[in-house]
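# Residue-level structural notes
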Amino acid sequence: MRAELLQGLLATPAFTSPKYLYDALGSKLFEAITELPEYYPSRTEAAIFEAHATAMAALLPAGATLVDLGAGNCEKAARLFPIFRPQRYVAVDISVEFLRKSLGSLQAQFPALAMLGVGMDFSSSLTLPPQAGTGPRVLFYPGSSIGNFTPDQALTFLRQARAACNGGGLLIGVDLVKPAEVLQPAYDDELGVTAAFNRNLLPHLNQLAGTDFRLSDWQHVAFFNTGKSRIEMHLQALQALRVCWPGGERRFAKGERIHTENSYKWRQADFAALLKTAGFTHIPAWTDERGWFAVFWAQA
Ligand SMILES: C[S@@+](CC[C@H](N)C(=O)[O-])C[C@H]1O[C@@H](n2cnc3c(N)ncnc32)[C@H](O)[C@@H]1O
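A brief look at the structure comes next. Predicted, not measured: the structure shown is a model, and the values here were computed from it.

## Structural notes on the packing of aromatic side chains
A complete count under the given rule lists 17 aromatic pairs for this structure. For the ring pair F30 and F197, a centre distance of 6.2 Å and an interplane angle of 50 degrees mean the geometry is tilted. A residue pair is termed long-range when its members are at least 10 positions apart, and F30 in helix α2 (residues 24-33) and F197 in helix α8 (residues 193-199) qualify at 167 residues. The exposure class assigned to F30 is partly exposed, which follows from its relative accessible area of 27%. Pairwise contacts between aromatic rings join Y22, F30, Y39, Y187 and F197 into one cluster.

Structure below.
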């Protein structure tokens, strides 16, 4: 992790993977983001599940293991337990302490359902431990987290996901292209919660890589890059400064940025085509009335 982080910090422009936004506080801040009036994705996706979960359930293999990728507070999957009736629930997340707490209270709520928490980084490999079961799996990847990957990375990830399904399938939420006036505030809210989420990366980096970032030196920047169809989040230096760590340093000019997250927005037909290229078949999708968000079932 440290080597990966420092390589990104030394690059021009500097970058870090969005997975580092999630320490225990980052996970709580993301939870708060989903409550914001500007953050339409969670509400829109929840409404799609509310309207169509029964139709989705009819397509899922019976007695499958539900594998929640980037489970966070596990709430989205938990709402579906009574309809999907999984045989087992496997929650996967890089933010281990937050996952441990979420899963602990969920197990108390659903004592009869076998549950397993897996702390891992699935960006390079999706190989699950044997305790995750050998039968068909429904991989659940909501929240448009797939948008954190470039289209090429997304294809690689989807191919790995297909292999990890054991003949089941993938239920995936994808944010769709829409006007920048809607997109941008969702990543730059008036209250400043997304700014806090982004800036919280810095103390996390200090802890992971021994850097000496000062919060007061950096501001949150988010905008829609129309050409690349993605929201970009950056941290921008408020003055010329130097960041040091054991064995190295990086100078930043005033206004220079660290690119901390991409959130790609897809056209529905393009994402369906990507799922097909990754080897999935039978790909029904459900959307909201405004066509802002889509949930796809992709059979492995
Ligand atoms: C955008 S949040 C989504 C949380 C929840 N699934 C939802 O839809 O509201 C992304 C989640 O994925 C986790 N995550 C991000 N990158 C990850 C990675 N490379 N490996 C494992 N988990 C990751 C984060 O810790 C976080 O809980």
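What follows continues from the structure just given.
## Examining the packing of helix α1 (residues 2-10) against helix α9 (residues 201-209)
The contact between α1 and α9 brings their axes to 9 Å, and the two run at 125 degrees. In this view, α1 runs oblique relative to α9, as classed from their interaxial angle. In the packing of α1 onto α9, the handedness of the crossing is left-handed. Side by side, α1 and α9 meet where R2, L5, L6 and L9 of the first sit next to L205, L208 and A209 of the second. Within the contact of α1 with α9, the residues separate by chemical class into six nonpolar, no polar and one charged.

## A few points about the sheet that holds strand β6 (residues 169-175)
Where strands meet in a sheet, backbone hydrogen bonds hold them as pairs that are either parallel or antiparallel. Taken together, seven strands build an open sheet; the order of strands is β4-β3-β2-β5-β6-β13-β12 and the sheet is mixed. Each of the sheet's edge strands pairs with one partner strand only, and the pair in question is β4 (114-119) and β12 (285-287). Along the sheet, successive strands turn relative to each other by an average axial angle of 15 degrees, direction set aside. Pairing of β6 with strand β13 (residues 293-299), which is carried by seven bridges, proceeds in the antiparallel orientation. Paired with G169 across the bridge in β13 is Q299.

Reading guide: rules and limits
Residues numbered from 1 in each chain as written. Predicted model: local features only at pLDDT ≥ 70, side-chain atom pairs only at ≥ 80, totals over all residues. Heavy atoms only, no water. Phe/Tyr/Trp six-rings, centres within 6.5 Å; stacked < 30°, edge-to-face > 60°. Helix = DSSP H or I, 4+ residues; strand = E, 2+ residues; numbered from the N terminus. Buried < 20%, exposed > 50% of the residue type's maximum accessible area, 1.4 Å probe, protein only. Axes fitted to C-alpha atoms, helices over the stretch in contact; angles between N-to-C directions. Parallel < 35°, antiparallel > 145°, perpendicular 65-115°, else oblique. Left-handed = near helix turned anticlockwise from the far one by under 90°. Contact = heavy atoms within 4.5 Å. Nonpolar A, V, L, I, M, F, W, Y, C, P; charged D, E, K, R; others polar. Pairing = 2+ DSSP bridges.

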